[in-house]
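Close look at the chain arrangement
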Amino acid sequence: MGVNLKRYGLYLIRWQLSTPILAGVLYLLTDLGGALTATIIANLIGGLIFFWVDRFIFTSETLAAQWEVREEVKCVDCGKVARGGYRLVRAKNYDKSNDPAPEFRCEECSKKKSEELKKRGGVKH
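Quick summary incoming for the structure in this document. (Residues numbered from 1 in each chain as written. Predicted model: local features only at pLDDT ≥ 70, side-chain atom pairs only at ≥ 80, totals over all residues. Heavy atoms only, no water.)

What to know about the pattern of salt bridges
Under the counting rule described, the total for this entry stands at four salt bridges. For the salt bridge of Glu-108 with Lys-112, the shortest nitrogen-to-oxygen distance reads 3.6 Å. Placement of both Glu-108 and Lys-112 in helix H3 (residues 107–120) is noted, with a separation of four residues, approximately one turn of the helix. Under the relative-accessibility criterion, Lys-112 is labelled exposed at 52%. (Salt bridge = Lys/Arg side-chain N within 4 Å of Asp/Glu carboxyl O. Helix = DSSP H or I, 4+ residues; strand = E, 2+ residues; numbered from the N terminus. Buried < 20%, exposed > 50% of the residue type's maximum accessible area, 1.4 Å probe, protein only.)

Laid out in structure tokens, this is it:
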């Protein structure tokens, strides 16, 4: 399983930012109803705020490369018919979403092409 390091890094930063916010709520509410009540309210407030942040982190198209996969495709590089054909559609500094002649590759050739694009420095995914 691959890990999207951008998403993971943002999630870790978000996690750290929640600490002072929730600590502040706990500090303000502990005298009103005790530690348990303050903790419950702080967690509800955290859920109200951070649900939206987490949803952005884990579903945003801007944070992920977009791939298209098709079944039974002839690889444009090696010519073999692959069970699944892959093509990178969109990534940072790369957009082939309106490509009139998309090129699909078998998994092996797709990995080679992906590394080649990374080495050129123009595509980051």
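Focus on helix H1 (residues 5–33)
Across its 29 residues, H1 extends 41 Å between first and last C-alpha, which sits within 8% of the 42 Å expected from 1.5 Å per residue. Where H1 bends most, at Tyr-27, the angle is about 30 degrees. Taken as a whole, H1 has its buried residues at Arg-7, Arg-14, Ser-18 and Val-25. On its buried face, H1 sits against helix H2 (35–59). Phi turns positive, to about 95 degrees, at Gly-34, one or two residues after H1. (Expected span 1.5 Å × (residues − 1). Bend = angle between axes of the 7 residues up to and from the residue. Contact = heavy atoms within 4.5 Å.)

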